[in-house]
Amino acid sequence: MSGEPEQQKHDPSAHEQMMDSEKHVQRNPHPDFKSVESTRPPWTPNTTFAFTQTAAPTWKPGQGGNDAGASLQHSHIDIDPYAAGRPAVSNYKLLISAIIPRPIGFLSTRSKDGSSTNLAPFSYTQLVNHDPPVFIVGFAGGLGQAKDSLRNLLESGECVINIVSEHFIEAANATAVNAPYGVSEWVLTGLTPAGCKDVKASRVKEAIFSIEGKLMETKEFESRATPGKKTGVLAIIEGVRFWAREDAINEDRNIINPAILRPMSRLGGITYGRLTEGIELPRPDWDEMRKEAEPEGLVREKLDGQ
């Protein structure tokens with residue numbers, strides 16, 4: 001899942017680099033994962049999505065955390081990302097374990113001449129604007145070493161961002177396999193390509209929600225630890241058409257039902273998050289909040305150090 005390296009399948013040497021990189025990163029903490037997995041409870045297919053109350057439904061302005069101050073009893077340590085001897089992979093592992101959950105952008109792309117397609121998951125994905133609809137996707141490596149998904153996106157200027165749901169998480173994860181160049185992820189995983197209207201790349205028919213996208217611009221990043229080394233590319237993508245499964249969207253076509261979408265998110269290492277519970281928490285209105293805040297003396301000017 002990018003930022004996490006996607007194999008550079010057009011270059012045999014990159015295959016070896018990918019293998020070395022995976023060994024170096026060591027996302028999988030289990031020497032024998034299948035043995036560990038076999039000790040865990042089985043998947044619960046009938047688990048339903050449900051709303052609960054918030055942890056503190058009677059929260060008042062000025063109250064702070066909902067843990068009665070328990071979190072304030074712990075100390076923190078500061079970490080310099082560029083400290084001498086600290087490898088960049090340590091920052092990578094730290095950040096993907098702390099910035100969670102992260103949406104998974106399952107990108108389907110097609111080369112400009114149509115001779116090659118690619119399907120790969122990227123957990124450096126996010127929605128950043130709605131008018132126009134704008135999404136960002138992060139790719140590991142620089143433009144000069146663009147791997148299949150980024151290469152196709154740069155050539156064609158198009159892609160489809162598919163949202164990963166529970167019912168095809170294994171297939172989506174399998175597309176990250178370091179297979180030789182030329183092997184189709186569509187065939188390998190059994191996922192179904194479906195036609196689009198504004199882009200030539202296929203969308204994943206199993207996906208409950210997909211976005212046809214067109215590349216707006218890219219931004220390349222350079223290593224701080226190794227000046228001159230290109231370490232990543234940010235792609236800014238405009239959503240030009242949406243595809244939603246009929247049973248998942250409301251009559252006004254403006255809300256997707258999370259109980260049907262059942263999205264999977266990326267956590268740290270090899271861990272994924274499943275969505276089974278939600279809370280609803282309205283955004284506060286100042287005219288209402290001040291009625292409680294002013295009598296308690298909580299409406300004050302901002303000060304340095306706050």
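Residues numbered from 1 in each chain as written. Predicted model: local features only at pLDDT ≥ 70, side-chain atom pairs only at ≥ 80, totals over all residues. Heavy atoms only, no water.

- Named according to an unreviewed UniProt entry, the chain is Flavin reductase like domain-containing protein originating from Friedmanniomyces endolithicus.
- Within the UniProt record for the chain, the comment given under Cofactor (unreviewed entry) is "FMN".
- Word for word, the UniProt comment on the chain under Sequence similarities (unreviewed entry) is "Belongs to the flavoredoxin family." (UniProt positions renumbered as here; feature names shortened; annotations may be inferred.)

**Quick notes on the UniProt feature "domain: Flavin reductase like" (unreviewed entry) in the chain**
Right, so step 1: According to UniProt, the "domain: Flavin reductase like" (unreviewed entry) feature falls on residues 97-257.
Right, so step 2: Between the end C-alpha atoms of residues 97-257 the distance is 27 Å, and the span holds 14% helix and 42% strand. (Helix = DSSP H or I, 4+ residues; strand = E, 2+ residues; numbered from the N terminus.)

**Topic: the nonpolar core**
Right, so step 1: L107, F139, I161 and I237 are the most contacted members of the largest nonpolar core, which totals 15 residues.
Right, so step 2: Where this core is concerned, the elements lending two or more residues are β4 (117-122), β6 (133-140), α4 (148-156), β7 (158-163) and β11 (230-244).
Right, so step 3: Not counting chain neighbours up to four residues away, the residues in contact with I161 comprise G105, F106, L107, F135, F209, S210, I211 and I237.
Right, so step 4: Counting 13 residues, the second-largest nonpolar core is a separate cluster that includes I169, A171, L191 and A207. (Core = buried A, V, L, I, M, F, W, Y, C linked by side-chain atoms within 4.5 Å. Buried < 20%, exposed > 50% of the residue type's maximum accessible area, 1.4 Å probe, protein only. Contact = heavy atoms within 4.5 Å.)

**Re the pattern of salt bridges**
Right, so step 1: Enumeration according to the criterion identifies nine salt bridges in this entry.
Right, so step 2: Its salt-bridge partner being E166, residue R262 comes within 3.1 Å of it at the nearest N-O pair. Highlighted residues: R262 in the loop between α7 (258-261) and β12 (264-266) and E166 in the loop between β7 and α5 (169-174), separated in sequence by 96 residues. Here R262 and E166 have matching classes, each one buried.
Right, so step 3: Note that E166 is salt-bridged to R274, the shortest N-O span being 2.9 Å. Of this pair, E166 sits in the loop between β7 and α5 while R274 is found in strand β13 (residues 272-274), placing the two residues 108 residues apart along the sequence.
Right, so step 4: For R274, a relative accessible area of 25% puts it in the partly exposed group.
Right, so step 5: Among the ionic contacts, a cluster of salt bridges with common partners joins E166, R262 and R274. (Salt bridge = Lys/Arg side-chain N within 4 Å of Asp/Glu carboxyl O.)

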